[in-house]
Amino acid sequence: MSPLLPTETTYTLYTYYQSTCANRVVIALHHKSIPFAHHYIDLRAAEHETAAFAALNPSRSLPVLVITDATTGTETILTQSVAILEYLEEAHPNRTPLLPPVHAPLQRARVRELVNLITNDIQPLSNGRIARRVRQIRDEVQDQLAFVQEVNVAGLTAYERLLERYGADSMYSVGDEVTLADVCLVPAVEMAVAYRTDLSGLDRVRGVVERLNALQAFRMGDWRRQGDTPVEVRVE
């Protein structure tokens with residue numbers, strides 16, 4: 001059983017069902033059994049561009065985690081998904097850890113290596129803001145699709161090669177326990193699938209994702225099962 005959370009601390013996560021960055025945090029919160037409230041921001045309606053949201057997060061991006069001290073009413077705001085994930089791990093290290101133990105520094109470094117591959121090499125380039133700008137150059141949808149597909153294939157192929165090098169027989173990305181690398185991998189693959197990326201040569205990546213998607217936390221974090229997921233794409 002996970003340790004009890006301090007009753008004086010509450011979490012509110014600003015999120016959007018199709019945000020891969022926010023989805024990482026949703027999965028991690030479920031995996032660590034940390035209660036939290038959703039605050040949905042509709043990116044399609046440009047709610048992230050409002051002055052009110054910019055006051056919360058100057059970069060106008062998701063996710064945002066608001067940490068409230070119920071005793072004093074003090075609110076602390078965290079932005080950027082990796083910073084939030086690291087905070088949750090350090091603040092609650094005994095609640096189903098997402099990093100190997102401190103006495104395994106090489107394994108911890110490998111987790112962070114894979115996290116950075118997703119968050120530095122894939123996500124920034126395939127982000128909707130960038131992809132739409134590529135499309136605007138010639139006003140061609142195919143340019144956007146081809147660009148994002150190329151980024152996905154390059155990044156996920158590198159991920160595949162690292163899986164071959166470090167853990168060909170592992171259940172998940174690094175060993176047989178779920179890590180921060182896994183909570184970043186699944187949303188990235190889901191986005192790649194949404195862009196109709198050919199993943200046929202990535203057997204290890206697809207195998208890891210399949211095993212992860214059988215876990216409760218990943219099912220609860222599935223973008224198709226969020227409170228703001230449109231009915232036409234929602235799954236039970």
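Residues numbered from 1 in each chain as written. Predicted model: local features only at pLDDT ≥ 70, side-chain atom pairs only at ≥ 80, totals over all residues. Heavy atoms only, no water.

The positions that UniProt labels "domain: GST N-terminal" (unreviewed entry) are, in the present scheme, residues 9-96. End C-alpha to end C-alpha, residues 9-96 measures 19 Å, and it is 33% helix and 25% strand. (UniProt positions renumbered as here; feature names shortened; annotations may be inferred. Helix = DSSP H or I, 4+ residues; strand = E, 2+ residues; numbered from the N terminus.)

Attention now goes to the environment of Arg 219. Residue position: Arg 219 is located in helix α9 (residues 216-221). You can call Arg 219 partly exposed: its relative accessible area is 36%. In sequence terms Arg 219 and Asp 182 are 37 residues apart; their C-alpha atoms lie 13 Å from each other. (Buried < 20%, exposed > 50% of the residue type's maximum accessible area, 1.4 Å probe, protein only.)

Annotation of the protein at the domain level lists domain 1 (9-97 + 225-233) and domain 2 (105-215). The straight-line distance from the C-alpha centre of domain 1 to that of domain 2 is 21 Å. Taken together, the contact between domain 1 and domain 2 spans 17 residues of the former and 12 residues of the latter. Taking both sides of the interface into account, the surface hidden between domain 1 and domain 2 amounts to around 1200 Å²; carbon and sulfur atoms contribute 64%. Linking domain 1 with domain 2 are 1 salt bridge, by the criterion used here. Here Glu 86 makes a salt bridge to Arg 112, at a shortest N to O gap of 3.2 Å. Summed over the shared surface of domain 1 and domain 2, the result is 1 residue pair in polar contact (both at pLDDT 80 or more). (Domains from an automatic or database assignment. Contact = heavy atoms within 4.5 Å. Buried area = accessible area lost by both parts, 1.4 Å probe. Salt bridge = Lys/Arg side-chain N within 4 Å of Asp/Glu carboxyl O. Polar contact = N/O pair within 3.5 Å; in protein donor to acceptor, adjacent residues only side chain to side chain.)

Glancing now at the packing of aromatic side chains. The tally for this structure, following the rule as stated, stands at 4 aromatic pairs. When the ring centre of Tyr 166 is taken as origin, the NZ or CZ atom of Arg 110, which lies over that ring, is 4.1 Å away. (Phe/Tyr/Trp six-rings, centres within 6.5 Å; stacked < 30°, edge-to-face > 60°. Lys NZ or Arg CZ within 6 Å of the ring centre and 35° of its normal.)

The next thing to look at is the packing of helix α1 (residues 20-31) against helix α4 (residues 105-126). Two numbers describe how α1 lies on α4: the axes approach to 12 Å, and their chain directions differ by 150°. On the basis of the axis angle, α1 is roughly antiparallel to α4. For the pair α1 and α4, contact is made by Thr 20, Cys 21 and Arg 24 and by Ile 118, Thr 119 and Gln 123, respectively. Looking at the contact of α1 with α4 residue by residue, the classes come out as 2 nonpolar, 3 polar and 1 charged. (Axes fitted to C-alpha atoms, helices over the stretch in contact; angles between N-to-C directions. Parallel < 35°, antiparallel > 145°, perpendicular 65-115°, else oblique. Nonpolar A, V, L, I, M, F, W, Y, C, P; charged D, E, K, R; others polar.)

Leu 156, Tyr 159 and Leu 185 are the most contacted members of the largest nonpolar core, which totals 47 residues. It is helix α7 (residues 180-194) that provides the largest number of residues to this core, a total of 9 residues. When residues of this core are assigned to domains, at least three map to each of domain 1 (9-97 + 225-233) and domain 2 (105-215). What Tyr 159 contacts, discounting residues up to four positions off in sequence, is Leu 114, Leu 117, Ile 118, Ser 173, Ala 181, Leu 185 and Val 205. Listed in part, the 10 residues of the second largest apolar core include Tyr 14, Leu 56, Leu 62 and Val 66. (Core = buried A, V, L, I, M, F, W, Y, C linked by side-chain atoms within 4.5 Å.)

Let's shift gears to the environment of Pro 100. Note that Pro 100 resides in the loop between α3 (81-91) and α4. Along the chain, Pro 100 and Thr 179 lie 79 residues apart, while their C-alpha atoms are 7.6 Å from each other. In contact with Pro 100, not counting residues within four places along its chain, are Gln 107, Arg 108 and Val 111.

A few words on unusual backbone geometry. Omega for the bond connecting Leu 62 with Pro 63 falls within 30 degrees of zero, at 5°, which places this linkage in the cis form. Following the sequence through the fold, Pro 63 ends up in the loop between α2 (51-56) and β3 (64-69). Non-glycine residue Thr 96 carries a positive phi angle of around 45°. Tracing the chain through its elements places Thr 96 in the loop between α3 and α4. Overall, the relative accessible area of 30% leaves Thr 96 in the partly exposed class.

With that out of the way, let us pick up the pairing of β3. Burial runs high along β3: 5 of the 6 residues are buried. Here β3 hands over to strand β4 (residues 75-79) after 5 residues, with Gly 73 in that stretch at a positive phi of 80°. (Pairing = 2+ DSSP bridges.)

Across the sheet, 4 strands lie side by side as β2-β1-β3-β4; this open sheet has mixed pairing. Strand pairing shows two members of the sheet lacking a second neighbour, β2 (37-40) and β4, which therefore form its edges. The average undirected angle you get between the axes of adjacent strands in this sheet is 25°. Bridge count for strand β1 (residues 9-15) against β2 is 4 bridges, and the pairing is parallel. Residue Thr 15 lies in a different strand from β2, and its bridge partner there is Tyr 40.

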